[in-house]
Amino acid sequence: AMIDKGNHRHFMQKEIFEQPVVVAQTLQAYLKPLDGKVALPIPEFDLAEVKRVTIVACGTSYYAGLVAKYWFEKFARVPVDIDVASEFRYREPVLEPGGLALFISQSGETADTLAALRHCRAEGQKIAVVVNVPTSSMAREADLLLPTNAGPEIGVASTKAFTCQLAVLAAFAANLARAKGKMTAEEERGIVQHLAEAPAALNAALAHDEEIEKMAPLVAVARDVLYLGRGPDYPMALEGALKLKEISYIHAEGYAAGEMKHGPIALIDDSVPVIVIAPSGPLFEKTVSNMQEVAARGGRIVLISDAVGIAKAGDGAVATIEMPDCHPLIQPLVYAVPVQLLAYHVAVAKGTDVDQPRNLAKSVTVE
Ligand code: G6P
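Residues numbered from 1 in each chain as written. Predicted model: local features only at pLDDT ≥ 70, side-chain atom pairs only at ≥ 80, totals over all residues.

Some thoughts on the overall build of the protein chain
Our working definition: Runs of H or I in DSSP of at least four residues are treated as helices and runs of E of at least two as strands, each being numbered from the N terminus. Two things to know: the radius of gyration comes from C-alpha atoms, and the globule rule equals 2.2 Å times the number of residues to the power 0.38. Using C-beta atoms placed from the backbone, we call a residue buried if 20 or more other C-beta atoms fall within 10 Å of its own, exposed if 12 or fewer do, and partly exposed for counts in between. Contact criterion: two residues are in contact if their C-beta atoms, reconstructed from the backbone, are within 7 Å.
Tallying secondary structure elements over the protein chain gives 14 helices and 12 strands in all. Against the 2.2 N^0.38 benchmark of 21 Å for 367 residues, the protein chain shows a C-alpha radius of gyration of 20 Å, consistent with a compact globule. Seen through its principal axes, the protein chain has C-alpha atoms that stretch 55 × 45 × 40 Å. By the burial criterion, 53% of the 367 residues in the protein chain qualify as buried. When contacts within the protein chain are restricted to residue pairs at least 6 apart in sequence, those whose partners lie at least 24 apart make up 76%.

Dropping the structure here:
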């Protein structure tokens, strides 16, 4: 079928706005809300035997893997190793029996990721693949195929494939936790319920579109932008910076908020917007103290948080974006929306080619 932009100016914008629907569509295949259970395809190997998970991916898919590492370790108590495919291939990773190698890819064709998959297969690892193109090479070579149901993604910068990857990875982590006897039925019911709340929370996040469009000029004039977060919001900071770089050509860096004092704080002055991703919760106070270090040096803070967080720390910011109050499990999905929208509107303000940014390809089939 012909894919068009509908009422949207760009494919990327259309794909950002599709997220509530495609995440719901994806979750539908993995959740049984009435039973309070996750329901994954049954692999040919025994998940209970998995001793270690090795995650390999590139670009935005790699950042989905970084978030998933928190979930696999927290829920299933399985050690996780993660690397970008182009590094993984050329080091000598230790791949022991009982290892599950997990590849994440929108296209299923990224050359480095595919080569890493084949290497892991040759080394006797079980192969799980989270992929958006069901007919792709990676899909065909999986022992456990976990499709995302995002539909075709046209914009070069990945958006809806990313949030769908996160949804699948959360369900997979819960499934592995159950298989390994690390999760009670009650905990599983909770995870299913929180994931089922994601589409509505994504809608609530999208409602901030116009407000984010209005703050785009603040970022569009910058030469450098810093994104900060802790825990699963650290990969979200990396993803925010990547989105901005890819489509607006502004230099951006994502940093673990606590690591800022070991380097990037030297860059801060009143010309540097600092995007702080900090939902209220156990890590909030620590991130706020990092935010205050930025403010003390004149950095212009955009705080992305919830009502509680903004009430506590919004005063220190030049702008705030209020996300709906949601369970920590789905925060990475929900907080993806404002960073995508910010990058999108900054790129539009700068007049770049949003869907086909210079020098980038949708699918990188060279090594
Ligand atoms: C390219 C795309 C990115 C994508 C990355 C990985 O760089 O521009 O948006 O995240 O490849 O692609 P994959 O298809 O493996 O997820």
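A short note on the pairing of strand E8 (residues 224–229)
Applicable threshold: The path from the first strand over the helix to the second decides the hand: if it runs clockwise while the strands point away from the viewer, the crossover is right-handed. Pairs of strands are assigned from DSSP output, requiring at least two bridges between the strands.
Burial within E8 is extensive, with 5 of its 6 residues counted as buried. In terms of handedness, the path from E8 via helix H11 (residues 233–248) over to strand E9 (residues 251–256) forms a crossover that is right-handed. Both E8 and strand E10 (residues 273–277) contribute to a ladder of 3 bridges, which runs parallel. If you follow Leu-226 over to E10, its bridge partner there is Val-274.

Focus: the nonpolar core
This is how the line gets drawn: Nonpolar cores are built from buried Ala, Val, Leu, Ile, Met, Phe, Trp, Tyr and Cys residues. These are joined into a set through C-beta atoms within 7 Å.
Within the largest apolar cluster, 127 residues are counted, with the highest numbers of intra-cluster contacts made by Ala-167, Ala-171, Ala-173, Leu-195 and Val-276. In terms of residues, this core owes the most to one element, helix H7 (residues 160–179), which gives 14 residues. Excluding residues within four positions of it along the chain, Ala-167 makes contact with Val-23, Thr-26, Leu-27, Leu-195, Ala-198 and Leu-333.

Section: helix H8 (residues 185–196)
Stated formally: For a helix, the expected span equals 1.5 Å multiplied by the number of residues minus one. Taking the helix axis as origin, the arc is that swept by the directions to the C-beta atoms.
With 12 residues, H8 extends 16 Å from end C-alpha to end C-alpha; this agrees with the ideal 16 Å at 1.5 Å per step. Among all positions in H8, only Ile-191, Val-192 and Leu-195 are buried. The buried residues of H8 occupy one face: seen down the axis, they fall within an arc of 100°. Tucked inside the fold, the buried residues of H8 contact helix H2 (19–28), strand E1 (31–32), strand E2 (37–38), H7 and helix H9 (198–206).

Examining the confidence of the model for the protein chain
Definition in use: Predictor confidence is given residue by residue as pLDDT, running from a minimum of 0 to a maximum of 100.
Overall, the predicted model of the protein chain reaches an average pLDDT of 96, with 99% of residues at or above 70. The ipTM value of the predicted complex is 0.98, and its pTM value is 0.97.

So, unusual backbone geometry
At Arg-77, a position not held by glycine, the phi torsion is positive, near 55°. With respect to the secondary-structure elements, Arg-77 resides in the loop between helix H3 (59–76) and strand E4 (80–84). According to the C-beta neighbour criterion, Arg-77 is partly exposed, with 13 such atoms within 10 Å.

Notes on the sheet that holds E4
The condition that has to hold: Each axis is a line fitted through C-alpha atoms, and for a helix only the stretch in contact is used; angles between axes span 0 to 180 degrees, taken between their N-to-C directions.
The parallel open sheet is built from 5 strands, whose spatial order is E4-E3-E5-E6-E7. Looking at the sheet topology across the chains shown, the edges are occupied by E4 and strand E7 (144–147). In this sheet, neighbouring strand axes are inclined to one another by 15° on average, regardless of whether the strands run parallel or antiparallel. Along the sheet face, helix H5 (residues 111–122) touches strand E3 (52–57), strand E5 (99–105) and strand E6 (126–131) and points at about 165° away from the line of E5.

Some points on the pairing of strand E11 (residues 300–305)
For E11, the tally of buried residues reaches 6 of 6 residues, placing the bulk of the element in the interior. Here E10 runs beside E11; their pairing, made up of 5 bridges, is parallel. Counted as the bridge partner of Val-274 is Ile-301 from E11. As paired elements, E11 and strand E12 (residues 319–322) share 4 bridges and run parallel to each other. Considered in E12, the bridge of Val-302 is made with Ala-319. In this fold, the crossover linking E11 to E12 by way of helix H13 (residues 307–313) has right-handed handedness.

Regarding the packing of H9 against helix H14 (residues 331–350)
Just so we agree on the cut-off: In these notes the angle categories are as follows: under 35 degrees is roughly parallel, over 145 is roughly antiparallel, 65 to 115 is roughly perpendicular, and the rest is oblique. Take the far helix as your reference; a near helix turned counterclockwise from it by less than a right angle gives a left-handed crossing, and one turned clockwise gives a right-handed crossing. For this classification, Asp, Glu, Lys and Arg are treated as charged, while Ala, Val, Leu, Ile, Met, Phe, Trp, Tyr, Cys and Pro are nonpolar and the rest, including Gly, are polar.
Close contact between H9 and H14 brings their axes to 9 Å; oriented N to C, the two are set at 20°. The angle between the axes of H9 and H14 places the two elements in the roughly parallel class. For the pair H9 and H14, the crossing hand works out as right-handed. Listed contacts from H14 to Ala-198, Ala-201, Leu-202, Ala-205 and Leu-206 of H9 are Leu-333, Val-334, Val-337 and Pro-338. When grouped by side-chain class, the residues that make up the contact of H9 with H14 number 9 nonpolar, no polar and no charged.

Some thoughts on the site of the ligand
Put simply, the rule is: By definition, a residue lies near a molecule or strand when the C-beta atom built from its backbone is within 6 Å of it.
Around the ligand sit 16 residues, and of these Gly-59, Thr-60, Ser-105, Ser-107 and Thr-110 come closest. When residues of the shell around the ligand are assigned to their parent elements, the largest contribution, 3 residues, is made by H3. Within the shell around the ligand, the residues separate by chemical class into 5 nonpolar, 10 polar and 1 charged.

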